[in-house]
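A structural walkthrough
Residues per chain, in single letters:
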Amino acid sequence: MKVKFILPALMEAKSPFWRPIKYSLFPPLGLATLAAYCSPEDELDLQDEHVEELNTDDQPDLVIIQVYITNAFRAYALADHYRKKGCYVCLGGLHASSLPEEAIPHADTIFIGPGEDTFPQFLIDFRNGRAKKMYLNAKREIETIPPIRRDLIKHHLYFVPNSIVVSRGCPHHCDFCYKDAFFEGGKSFYTQRVDAALAEIDRLPGRHLYFLDGHLLGNYKFSSALFEGMKGMNRVFQGASTVDAILRGDLIEKAAEAGLRSIFIGFETLNPKNLAQSNKKQNLGKDYNEAIKRLHSLGIMINGSFVFGLDDDDKDVFKYTVDWAVSQGITTSTFHILTPYPSTRLYQQMEADGRILHRDWDKYDTRQVVYQTKGLSAAELKQGYDWAYNSFYSWQNIAKASVQHDSVKHMLKHFAYAGGWKKFEPAWNFLIKTQGLNKTLPVLEAILSKVRGKDKREPLQPFPAIG
């Protein structure tokens with residue numbers, strides 16, 4: 001049986017003229033994970049449209065398409081194309097799970113929620129000619145999943161090819177997060193067995209790892225054992241966590257000892273009222289400054305995430321946030337315009353209040369205003385968002401943030417990482433076009449080399465209730 005797995009892309013991600021580096025960072029693993037359940041006799045093809053041109057002239061028996069919000073229309077068009085050719089088409093993923101009534105006219109079968117239990121059952125049903133229209137996830141565990149079909153991934157097209165996932169979901173329930181819709185009706189956070197996770201790490205060549213988990217430190221027992229098992233592997237890795245997990249116990253020290261060198265943190269807002277409004281309870285009352293000091297003392301760089309457009313924001317939020325992030329020595333920042341994703345509590349509340357402006361999912365990319373704002377006009381929000389990116393990544397602020405560290409090596413590391421990420425996009429674009437992106441990985445590994453030092457700054461304080 002010929003089976004084709006497709007991850008559709010936004011138009012900008014497959015443009016022949018400009019392809020931002022963020023779309024070529026690491027291989028997504030969802031489809032490669034499902035592919036592991038296919039028979040060894042099946043002929044499999046996996047295409048990620050972010051990094052390659054799709055071949056749509058083929059005639060597979062089965063087409064599996066992953067749908068998220070900003071590729072939804074592209075995914076539906078591809079599904080319709082293959083169905084007209086007589087192929088059997090399945091849709092799954094975050095968006096299909098959130099809006100099954102929208103996805104189902106474009107598919108022979110749709111999957112709701114994670115597919116580790118439903119996809120194997122579907123394959124059995126499909127081979128026996130009795131596949132159902134919809135499969136709803138019920139079992140939430142990943143202890144016995146087969147090894148990911150990494151042989152189907154075109155690793156040379158990605159900057160950091162060693163992506164890995166050792167858990168599913170997140171233990172927290174922020175109102176604006178898509179996760180709760182995807183994991184509705186069961187456990188919203190669960191992990192692999194430690195030995196299985198370590199075995200998967202052992203399969204990966206080189207030193208660098210990129211953990212795609214929403215919360216790598218979300219389960220103390222699992223993460224502690226994982227980091228203990230990684231000691232001595234000579235790995236450097238990047239991942240994501242919360243302020244709360246960094247401040248609690250000794251898990252972040254164990255992660256650093258195992259090779260953690262860069263971490264994504266959802267600060268989201270410096271305003272406690274906005275945190276409460278968003279149900280981001282894990283950040284309320286937590287000392288952001290202390291968490292940052294702890295990370296810097298361990299030589300861990302920080303990618304801070306911030307959301308603009310929450311109802312308590314005003315015109316000062318952009319400058320205040322940028323000034324605070326720079327004064328803290330945060331290496332990179334990811335700014336977002338608040339985006340109400342379908343089936344989230346935020347979307348449901350805004351829809352009830354008549355604040356949703358449209359359902360053009362292509363524009364739900366956290367860079368455009370798609371809801372009726374409060375406190376700020378839509379123009380002020382968009383202009384402030386653009387200004388924040390330009391200001392934070394100005395050479396002046398990159399240098400200013402760099403010198404917040406007390407170690408010269410950490411200063412240089414910060415400057416190289418932040419500057420390289422945002423100030424050399426034409427060079428990244430050239431490397432993407434010439435398929436030379438992966439050859440620069442040793443530079444990243446060098447930048448992520450171990451640095452330790454005590455942070456002795458007196459930082460700019462955020463709102464008093466945070467720290």
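Here, the structure is the one placed above.
Notes on the structure follow. Computed from a predicted model, the values in this text were never measured in an experiment.

Before going further, it helps to examine the overall build of the chain. Looking only at helices and strands, the chain has 19 helices and 14 strands in total. Its C-alpha atoms give the chain a radius of gyration of 22 Å, near enough to 23 Å, the size a compact globule of 467 residues would have. The principal-axis extents of the C-alpha atoms in the chain amount to approximately 65 × 55 × 45 Å. Looking at the 467 residues of the chain, the share that counts as buried comes to 59%. Considering only intrachain contacts with a sequence separation of at least 6, the fraction spanning at least 24 residues in the chain is 76%. As displayed, the chain offers around 19200 Å² of accessible surface, 55% of which is attributable to carbon and sulfur atoms. The average position of the 57 basic charges and that of the 55 acidic charges among the side chains of the chain differ by 3 Å.

Strand order in this open sheet of six strands is β2-β1-β3-β4-β5-β6, and the pairing throughout is parallel. In this open sheet, the two strands that pair with only one neighbour each are β2 (43-48) and β6 (134-136). On average, adjacent strands in this sheet sit at an angle of 15° to one another, irrespective of strand direction. This element, helix α5 (residues 118-127), spans β1 (2-7), β3 (62-66), β4 (88-92), β5 (109-112) and β6 of the sheet and lies at about 145° to β6.

Once that is clear, we can look at the environment of A325. In this fold, A325 is placed in helix α13 (residues 317-327). Here the alpha-carbon distance between A325 and V194, two residues 131 residues apart in the chain, equals 35 Å. With residues near it in sequence (within four places) discarded, A325 still touches F306, I330, S333 and F392.

This next bit is on α13. Across the 11 residues of α13, eight count as buried, placing the element largely inside the fold. On its buried face, α13 is in contact with β12 (260-268), α12 (288-297), β13 (301-308), β14 (332-337), α15 (378-392) and α16 (395-402). With its phi angle positive at about 70°, G329 sits one or two positions after the end of α13.

This part takes up empty space enclosed by the protein. Within the structure shown, the criterion is met by four cavities of 30 Å³ or more. Each pocket or cavity is described by its volume, and for the largest cavity that value is around 100 Å³. Taken together, 15 residues form the lining of the largest cavity, with P28, L46, D48, I153 and Y158 sitting closest to its centre. Within the residue set of the lining of the largest cavity, elements represented by two or more residues are α1 (30-35) and β2. No other element matches the three residues that α1 contributes to the lining of the largest cavity. When its residues are assigned to classes, the lining of the largest cavity shows 10 nonpolar, two polar and three charged.

Looking now at the side chain of E200. If you trace the backbone, E200 turns up in helix α7 (residues 194-202). What E200 contacts, discounting residues up to four positions off in sequence, is P147, I148, R150 and I164.

In this section: the nonpolar core. With 94 residues, the main nonpolar core has F211, L226, F227, M230, I252 and F267 as its most contacted residues. Setting aside residues no more than four positions away along its own chain, L226 makes contact with V166, V194, A197, L198, I201, F211 and L216. Listed in part, the 27 residues of the second largest apolar core include L46, L62, F122 and I148.

The N-to-C vectors of α16 and helix α17 (residues 408-422) enclose an angle of 150°; their axes lie 8 Å apart at closest approach. As far as their axial angle goes, α17 and α16 are roughly antiparallel. Handedness of the crossing formed by α16 with α17: right-handed. When α16 is examined against α17, the residues W395, I398, A399, A401 and S402 are found in contact with a partner set consisting of M411, H414, F415, A418 and G419. Of the residues that constitute the contact of α16 with α17, the class distribution is seven nonpolar, three polar and no charged.

The rules behind each value
Residues numbered from 1 in each chain as written. Predicted model: local features only at pLDDT ≥ 70, side-chain atom pairs only at ≥ 80, totals over all residues. Heavy atoms only, no water. Helix = DSSP H or I, 4+ residues; strand = E, 2+ residues; numbered from the N terminus. Rg over C-alpha atoms; globule rule 2.2 N^0.38 Å. Buried < 20%, exposed > 50% of the residue type's maximum accessible area, 1.4 Å probe, protein only. Contact = heavy atoms within 4.5 Å. Areas by Shrake-Rupley, 256 points an atom, 1.4 Å probe, with all protein chains shown as cover. Lys, Arg positive; Asp, Glu negative; His and termini not counted. Charge placed at Lys NZ, Arg CZ, Asp CG, Glu CD. Pairing = 2+ DSSP bridges. Axes fitted to C-alpha atoms, helices over the stretch in contact; angles between N-to-C directions. 1 Å grid on protein atoms, 1.4 Å probe; cavity = no way out; pocket = protein on both sides within 12 Å on 5 of 7 lines; lining within 4 Å. Points joined across faces, edges and corners; volume = space filled by probe spheres on them. Nonpolar A, V, L, I, M, F, W, Y, C, P; charged D, E, K, R; others polar. Core = buried A, V, L, I, M, F, W, Y, C linked by side-chain atoms within 4.5 Å. Parallel < 35°, antiparallel > 145°, perpendicular 65-115°, else oblique. Left-handed = near helix turned anticlockwise from the far one by under 90°.

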